[in-house]
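Analysis of the macromolecular model
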Amino acid sequence: MKKIIFVILFLFSISSSDAQSIRSDQDCLRHPSFPKKFGFDSQTAMLSTAEIHDRGLTLIDPASPQKKSYKHPTWRLAGSLGGMTFDEKGTVYTFPAPHVELTFNPPTAQNILYKVNPENGIMSQWINLPINAKAFDQNVFGILGITFSCFSKSIYVSSVMGSSRTKELGKIYQLNAETGAILNTIENFDGFGLATASLNNKWLLFLGNARTSDLYSVPLNDQGAFIGKPKRIFSLIGLGPRGDDKIKKIIIKEQGLQITGFEFNFNLSATWELQQTFYQIPLNKLHMN
Amino acid sequence: MTQDQEQAYELIVTNSEFSKFLRDEKGNPFLSEIFGIYPAKLSDIKNTTLKALSKIYKIEMYNFAMNLATIGLVNLTSQKVIEVLHYKDSQPDIPLSLKNLALEIAGNAPEVITALGSPPLTKSALMASTKTALNRTRCERSRHLCVAPTFIKNDKALWTIVDLTDLNIAGIRWTNVGLTGPAIITERKLQDDHVTDKFCDANSSIVRDGWKLNFQLTSSDGLEIQQVTFNGKPVLKSVKLVDWHVRYSNTDGFGYSDAVGCPVFSQAAVLANQPPKVSTINNALGKGFLLEQTYFNQDWPKPCNYNYVQKYEFYSDGRFRLSAASIGRGCGNDGTYTPIFRIAFDNTKNISNYQNGNWQAWDKEQWTLQSNNTSYYKDRFQFKIETQGAAYYMEPSRGQFPDGGRGDFAYTYVTKAKTAEGENNLITIGPCCNIDYHQGPEKFIEPNPEKLIKNDDFVVWYAPQLKNDDRVGHEYCWAESVLVNGRYEAKSYPCFAGPMFTPIKTE
C-alpha cells in the first residue's frame with residue numbers, strides 16, 4: 001500500500017506587485033490509444049510503473065470492479081521502471097530504475113530509454129545513452145527523470161550514471177524527440193525530476209537535484225537548448241516530514257509548481273511504501289533573479 | 001494553571017473527538033500529554049465574529065505512540081468546543097518541562113560530556129563559552145518526538161538529538177557555526193553519516209581472544225570479515241552475506257532479493273543504520289566475543305518492512321560461528337527467508353561431506369541439501385574442510401544452538417575460488433523465489449562443474465531456508481508492534497541460521 005502525504009506549504013497567493021505568469025509546456029501531450037485495443041476504458045485506464053507484485057509497465061483500471069489489469073508481453077523488458085512521459089502522438093517514453101534488487105535491472109542497463117508504441121503497445125529499446133561509469137558499488141542508478149517539451153519537440157532526460165558519494169558526474173540531455181539524437185548536455189549535474197515551462201514568456205527547464213533538496217532552473221533558447229548552467233531557485237530543506245526530500249517530479253500548475261518530494265539516498269529500498277510528500281510551491285517563493 | 005486554563009481543560013477533556021485517539025482498539029491507553037493550554041491567536045480562529053467577542057483557548061495534545069498532534073479550540077464565553085483537529089506525524093511545541101528534560105538528558109549523556117570535554121549545563125558558570133539552544137529536529141526513522149539541544153563552543157556547535165519518546169540520545173554531531181547556521185540535522189543523517197564514515201569508507205579491526213580480523217560494511221554484501229587469524233595462523237580470507245532471498249508461497253513468484261549493506265550510495269535495500277557492535281560471549285557454548293550488525297527498513301515492524309541481523313561469534317578455543325536472522329516482518333505469514341553466505345577459507349585443500357558413515361571428498365564443484373536424511377559425523381558435523389594449516393568441521397544448525405534457531409535446511413555449494421565470482425561486491429546473486437537449489441551460487445557451478453584439484457582454493461556458499469510463522473506461541477522470523485507503557489515497541493522473534501566451525505584438534 002503506497003502512502004502519499006500531501007503538504008500544502010504555502011497557499012497559492014501572489015500579490016499584484018510580484019505577479020508572474022507560468023505556462024506548462026505539456027499541452028500537446030496525448031494519451032496512447034492501445035488501452036482501448038486491450039479492452040480498457042480510455043477514460044479510466046492508467047499506466048503504472050509501481051505495481052507491488054510485478055515489475056515493468058502495467059495497464060490498470062482502478063475504477064473497474066475487479067481492478068482490471070493488463071501487461072503486454074514486452075512490458076517487463078526493462079525490469080522495474082522509473083517514470084514516464086508521453087508525446088503528441090501518445091508514444092510512451094519510459095526508463096528502467098531499480099527498486100528492491102538488481103536481478104532485472106543490471107546497472108549497465110540503466111541508461112536506456114524505452115518507447116511504447118501508442119497503437120499496438122509494443123515496448124522496445126529506443127536510445128542507449130552513454131555509460132560513463134566504471135564501477136557501480138556506490139551508484140546503481142542511471143536515468144532518473146524524463147519530460148517531453150511541446151515547444152521544442154525535445155525530450156529532456158536526467159541521468160546520474162557514474163556519480164558516486166564524492167563525485168557528481170550526472171548529465172542532463174536534450175534529445176531530438178524524433179531521432180533520439182543528443183542535441184545538448186549539461187555536465188556534472190545529478191538531475192532528478194524535470195519540467196519545461198514558460199515563465200513570464202521565457203522558456204526554461206526546472207530541475208530537481210538527486211543529491212540535495214534543491215530545485216534549479218536553466219533558461220532555454222527557442223530550440224530548447226540550454227543557456228548557461230542550472231541556477232538554484234528553491235529548496236525543500238527543512239520542509240515536510242523528513243526535511244531533506246529530493247525533487248522527483250515537477251508539475252506546472254496555474255500559479256506555481258507541484259513538487260513530489262521523495263526520500264532518495266542513492267540506495268535501493270525493500271519497502272513499497274514510498275516515502276514521498278507533495279509540496280505546493282507558489283511562484284513568488286522561487287528565487288528567479 | 002490559571003482559572004481560564006482549568007476551564008479550557010475541563011471543556012476539552014470530555015469532548016469525544018478530542019479523546020478519539022487516547023486508546024487503541026482494545027481500549028489500552030496510549031501515552032498522551034497536554035503540551036499547552038493558552039489563549040488562541042487571532043490566526044487560529046476562523047470565525048471573525050468570535051475573534052472580537054469571545055475568550056478562545058487553544059489546547060495542544062501529543063500522542064507519543066501514534067506521533068499525532070491533537071489541537072482543540074474552546075470558547076470559554078459560550079462554554080463550547082469550537083474545533084478539534086488531529087495531525088498525523090506532527091508534534092506541537094514542547095512544554096517547558098520537556099525542554100528541561102531534554103537538556104537534562106543531553107547534559108548528562110556520556111557522549112556529550114566526552115565531546116565537550118566536561119558537563120555542559122551543571123557548571124555553566126565555569127563554562128562561559130558554552131551556550132545552549134533548543135532546536136526542533138526530526139526523528140524521521142523512529143517517528144518519535146525529538147529536540148536538539150545545541151551546545152555552542154567557540155566556533156562549533158554540538159547538535160545533540162534527544163528522543164523524548166524513548167528518553168535517550170539519538171545521536172550527536174559537531175557542525176561549524178556559519179552565518180546561516182548548519183544544514184538540517186536529523187536522526188537519519190546522523191546515523192547514516194556515522195555508519196558511512198566509520199564503517200563503509202574505512203576498515204576496522206579487532207584483536208581479541210587469540211583472534212585477529214578486519215571488518216567493513218559493504219555496498220550490498222553485509223558486514224564482511226577479512227584476513228581472519230587465530231593464534232597467528234590464517235583461518236578465513238573473507239566471509240560475507242551476499243543476499244537475503246524472501247519468497248512468499250501464496251503468490252507465485254512473489255518475493256524479493258534483499259541486499260544488506262551501507263545506508264547511502266550503496267546497492268543495499270535493507271540498510272545498516274547502526275554501527276557494528278562487539279560484545280563478550282560467556283555462555284553454554286563457551287567464551288569469546290561477538291561481532292554483530294543489524295539492518296532495517298525505516299517502518300519496521302510494519303508489514304512489508306524488513307529487519308536482519310548478522311553475527312560472527314569467535315570462541316577462545318578456535319571455534320567460530322557465522323549466523324544471520326530475519327526479524328520479519330515482511331509482506332506475509334507465508335514467507336521463506338534464505339540468507340546466502342559466502343565463506344572463503346584461507347589456503348583450502350579439501351572438502352568432504354559425511355555420508356553413509358564415511359567422509360566423501362568432493363572432487364568437483366557441486367551442492368547438497370541438508371535434509372532429514374542428512375548424516376552427521378558424531379551426530380553434529382556435515383562437512384570437513386581442510387586447509388594448508390588446519391582442518392575444521394562444519395556443523396549446520398538443527399536447532400541445537402541457544403539462539404532459538406529451528407534448523408537451517410541449508411543448501412551448501414562448493415565452487416572454485418574466482419575473483420569474478422564474488423570476491424568483490426556482488427550485485428543480486430539470484431532471483432528471490434526459486435523453491436529448489438537455484439538460489440544463485442549454482443550459476444558458478446553449472447553447466448559444467450569444474451574439477452577441484454587438490455590445493456585449489458574453493459569457496460563454500462551456505463543458503464539456509466527459514467519458514468516464517470505468525471501463530472501465537474510459534475512466532476518465527478516475525479515481529480509485531482506491542483503497546484508498552486502507552487508507546488509502541490517492537491516485539492521480535494528472530495530466526496537464526498548458520499553453521500559452527502570447530503577446529504578438528506579441539507573437537
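1. Things to note about the overall build of chain A
- The helix and strand tally for chain A stands at 1 helix and 20 strands.
- A globule of 289 residues ought to have a C-alpha radius of gyration of about 19 Å, and chain A, at 18 Å, matches this closely.
- The dimensions of chain A, computed from C-alpha atoms along their principal axes, are 55 × 45 × 40 Å.
- Residue pairs at least 24 apart in sequence account for 55% of intrachain contacts in chain A once pairs closer than 6 positions are excluded.
- Summed over all atoms, the accessible surface of chain A reaches about 12,400 Å², with 51% contributed by carbon and sulfur.
- Side chains of chain A carry 29 positive and 23 negative charges; the gap between the two charge centres is 1 Å.

2. Topic: the overall build of chain B
- Per the secondary structure count, chain B includes 6 helices and 32 strands.
- Residues counted as buried form 54% of the 507 residues belonging to chain B.
- Considering only contacts within chain B whose residues lie at least 6 apart along the sequence, 60% involve residues at least 24 apart.
- When the accessible surface of chain B is split by element, carbon and sulfur atoms take 49% of a total near 22,000 Å².
- Of note, chain B has its 54 positive side-chain charges centred 3 Å away from the centre of its 56 negative side-chain charges.

3. What about the interface of chain A and chain B?
- Counting from both sides, the interface comprises 35 residues of chain A and, opposite them, 39 residues of chain B.
- Counting the surface lost from both chain A and chain B, the interface buries some 2,900 Å², and carbon and sulfur atoms represent 50% of this.
- For the pair chain A and chain B, the interface holds 3 salt bridges.
- Ionic pairing is found between Arg165(A) and Asp201(B), a salt bridge with its closest N-O pair at 2.4 Å.
- The tally of links from chain A across to chain B stands at 14 residue pairs in polar contact (both at pLDDT 80 or more).

4. Focus on helix 5 (residues 187-200) of chain B
- Taking 1.5 Å of rise per residue, 14 residues should cover 20 Å, and helix 5 of chain B covers 18 Å from first to last C-alpha, within 8% of that figure.
- At its buried positions, helix 5 of chain B is contacted by strand 7 (156-163), strand 8 (168-176), strand 9 (204-208) and strand 10 (211-217) of chain B.

5. Structural notes on the nonpolar core
- In terms of nonpolar packing, the biggest core is built from 74 residues, with Ile225(B), Phe320(B) and Ile343(B) touching the most fellow members.
- Considering each element in turn, this core owes the most residues, 7 residues, to strand 12 (residues 233-248) of chain B.
- In terms of nonpolar packing, the next biggest core, distinct from the first, is built from 20 residues, Ala197(A), Leu204(A), Ile281(A) and Leu283(A) among them.

6. Overview of the state of the cysteines
All names here are of chain B.
- Per the stated rule, a full pass over the model turns up 6 disulfides over all chains.
- Covalent S-S linkage joins Cys 432 and Cys 433, the inter-sulfur distance amounting to 2.0 Å. Across the S-S bond linking Cys 432 and Cys 433, the dihedral sits near -85°, which makes this disulfide left-handed. Considered together, Cys 432 and Cys 433 belong to a single accessibility category, that of buried residues.
- For Cys 477, the disulfide goes to Cys 495, at an S-S distance of 2.0 Å. What sets the handedness of the Cys 477 and Cys 495 disulfide is the S-S torsion sign, and at about 115° it is right-handed. Separated by 18 residues along the polypeptide, Cys 477 in the loop between strand 28 (466-467) and strand 29 (478-484) and Cys 495 in strand 31 (residues 495-497) bring together distant segments of the chain.
- With a relative accessible area of 0%, Cys 495 lands in the buried category.
- Take the cysteines of chain B that form disulfides and number them in order along the sequence; they join up as 1-2, 3-4, 5-6, 7-8, 9-10.

7. Structural notes on unusual backbone geometry
- The amide bond that connects Trp300(B) to the next residue, Pro301(B), takes the cis arrangement and shows omega of 5°.
- Positionally, Pro301(B) belongs in the loop between strand 17 (286-296) and strand 18 (306-315).
- Geometrically, the link from Gly328(B) to Arg329(B) is a cis peptide bond, its omega value of -10° lying close to zero.
- Inspection of the secondary structure puts Arg329(B) in strand 19 (residues 320-329).
- In this structure, Asn188(A) is a non-glycine residue whose phi angle is positive, near 55°.
- Its location among the elements puts Asn188(A) in the loop between strand 13 (182-186) and strand 14 (191-199).
- With a relative accessible area of 47%, Asn188(A) lands in the partly exposed category.

8. Quick notes on the sheet that holds strand 13 of chain A
Residues and elements named next belong to chain A.
- Read from one edge to the other, the open sheet built from 4 strands follows the order 10-11-12-13, with strand pairing classed as antiparallel. Unpaired on one side and paired on the other, strand 10 (143-149) and strand 13 mark the two borders of the sheet. Sheet twist, expressed as the mean angle between neighbouring strand axes with direction ignored, is 20°.
- As judged from the 6 bridges shared by strand 10 and strand 11 (residues 154-159), these two strands associate in the antiparallel manner. The residue of strand 11 that forms the bridge with Gly 145 is Ser 158.

9. Considerations on the packing of aromatic side chains
- Counted under the stated rule, the structure contains 45 aromatic pairs over all chains.
- Seen in terms of ring centroids, Tyr256(B) and Tyr306(B) are 6.3 Å apart; in terms of plane orientation they differ by 80°. Their pairing is edge-to-face. With Tyr256(B) in strand 13 (residues 254-258) and Tyr306(B) in strand 18, the pair connects residues that are 50 residues apart, well separated along the chain. In this structure, Tyr256(B) and Tyr306(B) share a single accessibility class: buried.
- Seen from their ring centres, Phe341(B) and Tyr462(B) are 6.2 Å apart, and the 55° between their planes marks the pair as tilted. In this pair, Phe341(B) sits in strand 20 (residues 335-345) while Tyr462(B) sits in strand 27 (residues 458-463), placing the two residues 121 residues apart along the sequence.
- The class of Tyr462(B) is buried, set by a relative accessible area of 0%.
- Taken together through their ring pairs, the aromatic side chains of Trp211(B), Phe230(B), Phe289(B), Phe314(B), Phe320(B), Phe345(B), Tyr392(B) and Phe501(B) make up a single cluster.
- The ring of Phe40(A) has Lys68(A) lying over it, and the distance from NZ or CZ to the ring centre is 4.6 Å.

10. Brief notes about the domain arrangement of chain B
Residue and element names in this part refer to chain B.
- Domain boundaries assigned for chain B yield domain 1 (3-88), domain 2 (96-176) and domain 3 (186-348 + 416-433 + 458-503).
- Relative placement of domain 1 and domain 3: their C-alpha centres are 47 Å apart.
- On the side of domain 3, 5 residues touch domain 1, which itself brings 7 residues to the contact.
- Counting the surface lost from both domain 1 and domain 3, the interface buries some 440 Å², and carbon and sulfur atoms represent 68% of this.
- Contact with domain 3 buries surface across domain 1, with Phe 30, Leu 31 and Ala 65 losing the most and accounting together for 65% of the total.
- At the surface where domain 1 touches domain 3, the tally comes to 0 salt bridges.

Parameters at a glance
- Residues numbered from 1 in each chain as written.
- Chains lettered and ligands numbered in written order.
- Predicted model: local features only at pLDDT ≥ 70, side-chain atom pairs only at ≥ 80, totals over all residues.
- Heavy atoms only, no water.
- Helix = DSSP H or I, 4+ residues; strand = E, 2+ residues; numbered from the N terminus.
- Rg over C-alpha atoms; globule rule 2.2 N^0.38 Å.
- Contact = heavy atoms within 4.5 Å.
- Areas by Shrake-Rupley, 256 points an atom, 1.4 Å probe, with all protein chains shown as cover.
- Lys, Arg positive; Asp, Glu negative; His and termini not counted.
- Charge placed at Lys NZ, Arg CZ, Asp CG, Glu CD.
- Buried < 20%, exposed > 50% of the residue type's maximum accessible area, 1.4 Å probe, protein only.
- Buried area = accessible area lost by both parts, 1.4 Å probe.
- Salt bridge = Lys/Arg side-chain N within 4 Å of Asp/Glu carboxyl O.
- Polar contact = N/O pair within 3.5 Å; in protein donor to acceptor, adjacent residues only side chain to side chain.
- Expected span 1.5 Å × (residues − 1).
- Core = buried A, V, L, I, M, F, W, Y, C linked by side-chain atoms within 4.5 Å.
- Disulfide = S-S within 2.5 Å.
- Pairing = 2+ DSSP bridges.
- Axes fitted to C-alpha atoms, helices over the stretch in contact; angles between N-to-C directions.
- Phe/Tyr/Trp six-rings, centres within 6.5 Å; stacked < 30°, edge-to-face > 60°.
- Lys NZ or Arg CZ within 6 Å of the ring centre and 35° of its normal.
- Domains from an automatic or database assignment.

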